[in-house]
Amino acid sequence: MFLNDQETATDLLYYNAISKTVVRLIKDTPDTPITIGVHGDWGAGKSSVLRMTQAELESDGRVLCIWFNGWTFEGFEDAKTVVIETIVDELKRARPGSKKVADAAAKVLKRVDWLKVARKAGGFAFTAMTGIPTADQLKGIYDLVTSVVTNPSDHISREDLTGAAEKIGEYLNEGKEVSEQLPEHIHKFREEFKDLLDAADIDQLVVIVDDLDRCLPKTAIETLEAIRLFL
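Residues numbered from 1 in each chain as written. Predicted model: local features only at pLDDT ≥ 70, side-chain atom pairs only at ≥ 80, totals over all residues. Heavy atoms only, no water.

A. Structural detail: the overall build of the chain. For the chain, the helix and strand inventory stands at 8 helices and 2 strands. Out of the 231 residues belonging to the chain, those deemed buried represent 33%. Within the chain, residue pairs in contact and separated by at least 24 positions form 75% of the contacts whose partners lie at least 6 positions apart. Of the roughly 14,800 Å² of accessible surface on the chain, a fraction of 57% belongs to carbon and sulfur atoms. (Helix = DSSP H or I, 4+ residues; strand = E, 2+ residues; numbered from the N terminus. Buried < 20%, exposed > 50% of the residue type's maximum accessible area, 1.4 Å probe, protein only. Contact = heavy atoms within 4.5 Å. Areas by Shrake-Rupley, 256 points an atom, 1.4 Å probe, with all protein chains shown as cover.)

B. Representation of the packing of helix H1 (residues 16–27) against helix H2 (residues 46–57) in the model. Relative to each other, H1 and H2 sit at 50°, their axes nearing to 9 Å. With respect to their mutual orientation, H1 and H2 come out oblique. Helix-helix and strand crossings are classified by hand; for H1 and H2 the assignment is right-handed. Facing Asn16, Ile18, Ser19, Lys20, Val22, Val23, Ile26 and Lys27 of H1, the residues of H2 in contact are Val49, Met52, Thr53, Glu56 and Leu57. (Axes fitted to C-alpha atoms, helices over the stretch in contact; angles between N-to-C directions. Parallel < 35°, antiparallel > 145°, perpendicular 65-115°, else oblique. Left-handed = near helix turned anticlockwise from the far one by under 90°.)

C. Quick peek at the pairing of strand S2 (residues 204–210). Alternating residues of S2 divide into Gln204, Val206, Ile208 and Asp210, all buried, and Leu205, Val207 and Val209, none buried. With 7 bridges connecting them, strand S1 (residues 63–69) and S2 associate as parallel partners. Bridge pairing in S2 places Trp67 opposite Ile208. (Pairing = 2+ DSSP bridges.)

D. Local environment of the packing of helix H3 (residues 79–94) against helix H8 (residues 217–230). Following both chains from N to C, one finds H3 and H8 inclined at 55°, their axes separated by 8 Å at the closest point. Taken together, the axes of H3 and H8 are oblique relative to one another. Both H3 and H8 take part in a crossing whose hand is right-handed. Two secondary-structure elements touch here, H3 through Ala79, Lys80, Val83 and Ile84 and H8 through Thr219, Glu222, Thr223, Glu225, Ala226 and Phe230. For the contact of H3 with H8, a count of residues per class yields 5 nonpolar, 2 polar and 3 charged. (Nonpolar A, V, L, I, M, F, W, Y, C, P; charged D, E, K, R; others polar.)

E. View of a nonpolar patch on the surface. A cluster of nonpolar side chains, contributed by Leu25, Ile34 and Ile36, occupies part of the molecular surface with about 220 Å² of accessible area. Ile34 sits in the partly exposed class, given a relative accessible area of 41%. (Patch = residues over 30% accessible without salt bridge, like charges linked within 9 Å, V, L, I, M, F, W, Y side chains within 5 Å. Salt bridge = Lys/Arg side-chain N within 4 Å of Asp/Glu carboxyl O.)

F. Main features of the side chain of Thr53. For Thr53, the position within the fold is in helix H2. Residue classification places Thr53 among the buried positions, given a relative accessible area of 3%.

G. Expanded view of H8. The first and last C-alpha atoms of H8 sit 20 Å apart over 14 residues, in line with the 20 Å expected at 1.5 Å per residue. What H8 keeps buried is the set Thr219, Ala220, Glu222, Thr223, Ala226, Ile227 and Phe230. Taken end-on, H8 shows its buried residues confined to a sector of 165°, consistent with a single buried face. Exposed residues lying more than 90 degrees from the buried face of H8 are Pro217 and Arg228. (Expected span 1.5 Å × (residues − 1). Arc of directions from axis to C-beta.)

H. A look at the side chain of Glu192. Within the secondary structure layout, Glu192 lies in helix H7 (residues 182–200). The class of Glu192 is buried, set by a relative accessible area of 15%. If near-sequence neighbours (up to four positions away) are discounted, Glu192 is found in contact with Lys107, Val108 and Arg111.

Function-wise, these values are silent; they only describe arrangement.
Here's what the structure looks like:
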């Protein structure tokens, strides 16, 4: 006998009752953020339950359902921002002709870029207290020096070194500014994300996260933190 291990929206394991329960929980709480966990052993059919849930939710034009596979982004530096960027991109794709959605999405993505810098700024704050460069800082310095050393010219010019110093100075100043304003950026992000949902003209946004149990603990935790912090 040959059994396909690919998830399916067709109910082959009599799991329809589970997917309908998930949909009912979502529909019964339209104005309240809710997180639902679907648990089971590997191969038990969790992804199929989620596919059936997605299929039923997508039959409602007022609900936007987004599929996010956590395992696909395993190894990325910051799982939090990957989750948000994926959601914003899917919202844009769902409303391709809407200038309001495009403008609102651009604001949110710019805010995400600020948050990435803020994450780096945390390393600078640590160094200020200890005098010890963090791993992120060392990597940044390594990349910068490597780019100068691998310059195709026969020697390193004064302009090369001046440019490198300017880049480091700008980054340090930017990191300090973002670090000081981080609470304000989080607040603004939530406002702008709400504006994006309003522009998309939907009643509910449902994000399905699959294969979280395949991720390393760090990625799994960061994905859950992103859901808690931003959604």
